[in-house]
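Geometric and topological summary
Given next are the chains, with one letter for each unit.
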Amino acid sequence: MTYAITQTCCNDATCVAVCPVNCIHPTPEEPDFGTTEMLYIDPRACIDCGACADACPVDAIFPADRLTGRLREYEAINAEYYADREPAPAVASPNFHTWGEPAFPRSLPSDFGPLRIAVVGTGPAGMYAAEDLLLHTNAEVTLIDRLPVAGGLVRYGVAPDHPATKGAGETFARFHAHPRVRMRLGVEIGRDVTAEELAAHHDAVVYAVGAPSDRRLGIPGEDLPGSVSATSVVSWYNAHPETGADAVPLSAERVVVVGNGNVALDVARVLVMDPAALAETDIADHALAALSGTRVREVVLLGRRGPGDAAYTASELLALKHLPGVDLVVDDRDPRIGAAIDAAAAGEKAALLRDVARETVDWTRPPAPGRRRIVLRFHSAPVEALGTDAVRAVRVTEDGAESGTEIGAGLLVRAVGYRGVPLPGLPFDEATGTVPHEAGRISGLAGGYVVGWIKRGPSGGIGANRACAEETVGTLLADAVAGALPKPTGTSAEFRRLARSRSKGLVDARGLAAIDRTERARGRDAGRPRVKLATVPELVAAARGGRWRRPV
């Protein structure tokens with residue numbers, strides 16, 4: 001028997017580090033690492049020890065003979081990766097490797113005094129950086145977030161029907177109560193404290209602020225009511241306190257989503273899936289109520305390129321193919337689409353659509369009553385959002401012509417990528433939406449560092465941040481040993497007093513634990529894993545042990 005890695009793989013390579021026979025690839029030392037959609041277990045080399053499954057932070061690894069339902073496909077997916085590859089030599093595994101000089105690239109000399117380091121952002125990038133610092137050095141870490149609750153994209157970016165992926169948050173949460181960690185949540189840099197004040201109280205500052213904005217389409221009508229970003233939709237169904245309960249109008253039968261990456265597929269799936277299934281997740285109460293009464297029966301995903309170049313991962317497409325009560329259809333009006341699907345070799349992305357129904361959709365007619373469906377429309381781009389007071393249709397290209405087809409829709413969702421925004425006190429590259437840096441060291445800002453999407457742009461999932469954080473922390477520690485870090489002029493206690501005086505909603509580790517208990521208790525009452533608090537006042541009240549009452 002062998003093990004297999006499945007849909008929720010986060011690519012952080014924790015499993016690689018514990019495998020005793022080097023049967024999981026690509027490893028961080030191999031050129032393909034970070035370019036494949038997931039990691040794969042070689043069935044010829046696996047010894048069925050289960051170490052990888054025990055270590056996986058997102059519960060993505062199972063014995064192959066216990067895979068059921070839609071997960072059964074992953075036994076073949078893992079094996080296909082190795083079909084044309086020779087078994088890798090076991091030189092990088094814990095048990096079989098070449099002994100050499102010990103190396104500790106991310107550590108400080110034993111006689112080095114403890115550093116005080118602030119990490120701004122508590123999503124995966126910030127927490128991987130904090131974890132690296134806590135495990136490899138004696139540093140004291142201050143975790144800062146502008147929201148009064150930790151989690152970042154794990155809490156507010158992962159779809160509610162992906163609970164295993166959200167499990168990464170449990171791994172990070174163990175560091176929230178670490179004796180060398182101080183939490184200062186509800187503190188925004190540029191609003192409550194300046195970057196200069198933050199730096200004055202710490203030896204170094206690591207910014208992990210992500211890419212919170214979205215890319216624009218640049219088409220007429222984009223700003224009409226009923227045209228929203230995928231960022232807003234994701235925040236809406238995840239109870240982000242900065243997104244209102246009425247942010248996503250669901251009065252129409254058809255929705256057009258521009259883009260076909262994983263976020264686009266998340267949005268499409270959540271909008272049409274059975275509300276009873278969503279009621280078993282931590283979806284926002286207001287989103288669950290809206291989706292329970294929604295008229296949406298069809299979501300159209302527009303992709304500029306063909307089925308072989310779609311941006312989604314194979315695992316996310318497979319999830320759509322097995323969505324109960326929802327049909328998946330390929331709009332077959334362009335002969336290039338069917339030809340690409342039929343000609344695709346096994347293992348190629350387009351080949352996954354071979355058993356998907358094809359139909360030349362008549363867009364002049366409303367969605368058919370009865371079942372819900374998702375339509376993949378390739379070789380198509382939006383030209384204009386049509387409407388007077390709100391979106392009523394989207395004009396899209398047809399055979400490359402901008403005068404093409406009108407698709408009636410009451411909601412247009414742009415899912416064409418995230419973008420970083422400037423942070424007061426830091427340099428910013430408008431072209432890339434990132435902070436200029438060298439191996440994580442902010443250009444021209446001694447003691448300042450970046451990690452995650454604000455460092456490399458909005459690419460890579462949760463696990464990609466591990467290697468990103470390792471590079472940044474390595475640079476930071478090298479600077480510390482070289483004496484290149486500026487000396488702080490303030491103390492940790494002084495920064496605590498400063499933060500408390502500036503932020504009315506400051507939350508510490510004890511308050512965060514109270515929020516967690518409150519949400520879990522609400523979940524138990526509703527038969528759900530948790531029911532999230534959806535506003536800043538509610539979160540702060542829970543942190544302080546009270547109940548927030550809506551003002552009348």
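Residues numbered from 1 in each chain as written. Predicted model: local features only at pLDDT ≥ 70, side-chain atom pairs only at ≥ 80, totals over all residues. Heavy atoms only, no water.

**Notes on the overall build of the chain**
Let me state the cut-off plainly: Helix and strand definitions follow DSSP, with helices as H or I runs of at least four residues and strands as E runs of at least two, each counted in order from the N terminus. Radius of gyration means the value over C-alpha atoms here, while the globule rule gives 2.2 Å times the residue count to the 0.38 power. Whether a residue is buried, partly exposed or exposed follows from its accessible area with a 1.4 Å probe, protein chains only, as a fraction of its type maximum: under 20%, in between, or over 50%, in that order. For this analysis, residues touch if any pair of their heavy atoms sits within 4.5 Å. The protein chains shown are the only cover counted for residues, whose accessible areas, like all others here, come from Shrake-Rupley with a 1.4 Å probe. Charge counting treats Lys and Arg as positive and Asp and Glu as negative, with His and both chain ends excluded. A charged residue contributes its charge at one atom only: NZ of Lys, CZ of Arg, CG of Asp or CD of Glu.
Across its full length, the chain holds 19 helices and 23 strands. Over its C-alpha trace the chain gives a radius of gyration of 24 Å, about what one expects of a compact globule, namely 24 Å for 552 residues. Principal-axis analysis of the C-alpha atoms gives the chain an extent of 70 × 65 × 50 Å. By residue count, 54% of the 552 residues in the chain fall in the buried class. In the chain, 74% of the contacts between residues at least 6 apart in sequence involve partners at least 24 apart. Looking at the chain as shown, the accessible area adds up to about 24,000 Å², and 52% of this sits on carbon and sulfur atoms. For the chain, the centre of its 60 positive side-chain charges and the centre of its 69 negative side-chain charges are spaced 7 Å apart.

**Let's talk about the pattern of salt bridges**
Quick reminder of the rule: Salt bridge, as used here, is a side-chain nitrogen of Lys or Arg placed within 4 Å of a carboxyl oxygen of Asp or Glu.
Under the criterion given, the structure shown has 42 salt bridges. In this structure, Arg520 engages Glu170 in a salt bridge whose closest nitrogen and oxygen atoms are separated by 3.0 Å. With a gap of 350 residues between them, Arg520 in helix H18 (residues 509–526) and Glu170 in helix H7 (residues 168–173) connect regions that are remote in the sequence. Under the relative-accessibility criterion, Arg520 is labelled partly exposed at 29%.

**Focus: helix H14 (residues 335–343)**
Residues spaced three or four apart along an α-helix point in a common direction, a consequence of the helix completing one turn every 3.6 residues. To be explicit about the condition: To be clear, the arc concerns the directions from the helix axis to the C-beta atoms.
Among all positions in H14, only Ile337, Gly338 and Ile341 are buried. Seen along its axis, H14 keeps its buried residues to an arc of 90 degrees; they face one direction. With respect to the buried face of H14, the exposed residues turned more than 90 degrees away are Pro335 and Ala343. Those residues of H14 that are buried lie in contact with strand S13 (326–331) and strand S14 (357–359).

**Comments concerning the packing of helix H4 (residues 124–136) against helix H16 (residues 464–481)**
How we decide: To obtain each axis, a line is fitted to C-alpha atoms, and for helices this fit is confined to the stretch in contact; angles are then taken between N-to-C directions over 0 to 180 degrees. Every angle not falling under 35 degrees, over 145, or within 65 to 115 is termed oblique; those three ranges are roughly parallel, roughly antiparallel and roughly perpendicular. Crossing handedness: left-handed means the near helix sits turned counterclockwise from the far one by under a right angle, and right-handed means the same turn made clockwise. Any residue outside Ala, Val, Leu, Ile, Met, Phe, Trp, Tyr, Cys, Pro, Asp, Glu, Lys and Arg is labelled polar, Gly included; the first ten of those are nonpolar and the last four are charged.
Close contact between H4 and H16 brings their axes to 8 Å; oriented N to C, the two are set at 50 degrees. Classified by the interaxial angle, the pair formed by H4 and H16 is oblique. Crossing hand, H4 versus H16: right-handed. On H16, the residues touching Pro124, Ala125, Tyr128, Ala129, Glu131, Asp132 and Leu133 of H4 are Asn465, Arg466, Ala469, Glu470, Val473 and Leu477. Broken down by class, the residue content of the contact of H4 with H16 amounts to eight nonpolar, one polar and four charged.

**Quick word on the nonpolar core**
Cut-off, in case you're wondering: Side-chain atoms within 4.5 Å link the members of a nonpolar core, which is a set of buried Ala, Val, Leu, Ile, Met, Phe, Trp, Tyr and Cys residues.
If you look at the biggest cluster of nonpolar residues, it comprises 71 residues, and the most contacted ones within it are Ile24, Leu39, Ile41 and Leu115. The element that contributes the greatest number of residues to this core is H4, accounting for seven residues. Setting aside chain neighbours within four positions, we find Leu39 in contact with Ile5, Cys9, Asn11, Ala13, Cys15, Val16, Ile24, His25, Pro26, Phe33 and Asn78.

**A word on the environment of Val206**
Position of Val206 among the secondary structure elements: in strand S8 (residues 204–207). The exposure class of Val206 is buried, given its relative accessible area of 0%. Distance from Val206 to Ala469, taken between C-alpha atoms, is 9.7 Å for residues 263 residues apart in sequence. Residue contacts for Val206: discarding those within four places in its chain leaves Ile117, Ala118, Val119, Val120, Ala129, Tyr449, Val451 and Leu476.

**Describing the pairing of S8**
As a reminder, the rule being used: Any two strands with at least two DSSP-identified bridges between them are counted as paired.
With burial as the criterion, each face of S8 is covered, one bearing Ala204 and Val206 and the other bearing Val205 and Tyr207. Relative to strand S23 (residues 448–450), S8 runs parallel, the two sharing three bridges. Looking at S23, one finds that Val205 is bridged to Gly448.

**Some details on the packing of aromatic side chains**
Given two aromatic rings, one states the distance between the centres and the angle between the planes to describe the pair. Under the convention used in this document: Only rings of Phe, Tyr and Trp enter the pairing, Trp through its six-membered ring, and a pair is recorded when the two centres are within 6.5 Å. The plane angle decides the type: under 30 degrees is stacked, over 60 is edge-to-face, the rest tilted.
For the structure on display, the rule yields four aromatic pairs. Plain terms: the ring middles of Tyr81 and Tyr82 are 5.0 Å apart, the flat faces sit at 85 degrees to each other, and that makes the pair edge-to-face. The exposure classification of Tyr81 matches that of Tyr82, with both residues buried. Each ring, one from Tyr128 and one from Phe172, has its centre 5.0 Å from the other, and the planes form 85 degrees; the classification is edge-to-face. Of this pair, Tyr128 sits in helix H4 while Phe172 sits in helix H7; the two residues are 44 residues apart in sequence, bridging distant segments of the chain. With a relative accessible area of 4%, Tyr128 lands in the buried category. A relative accessible area of 5% places Phe172 in the buried class. The rings of Tyr40, Tyr81 and Tyr82 are connected pair by pair, giving a single aromatic cluster.

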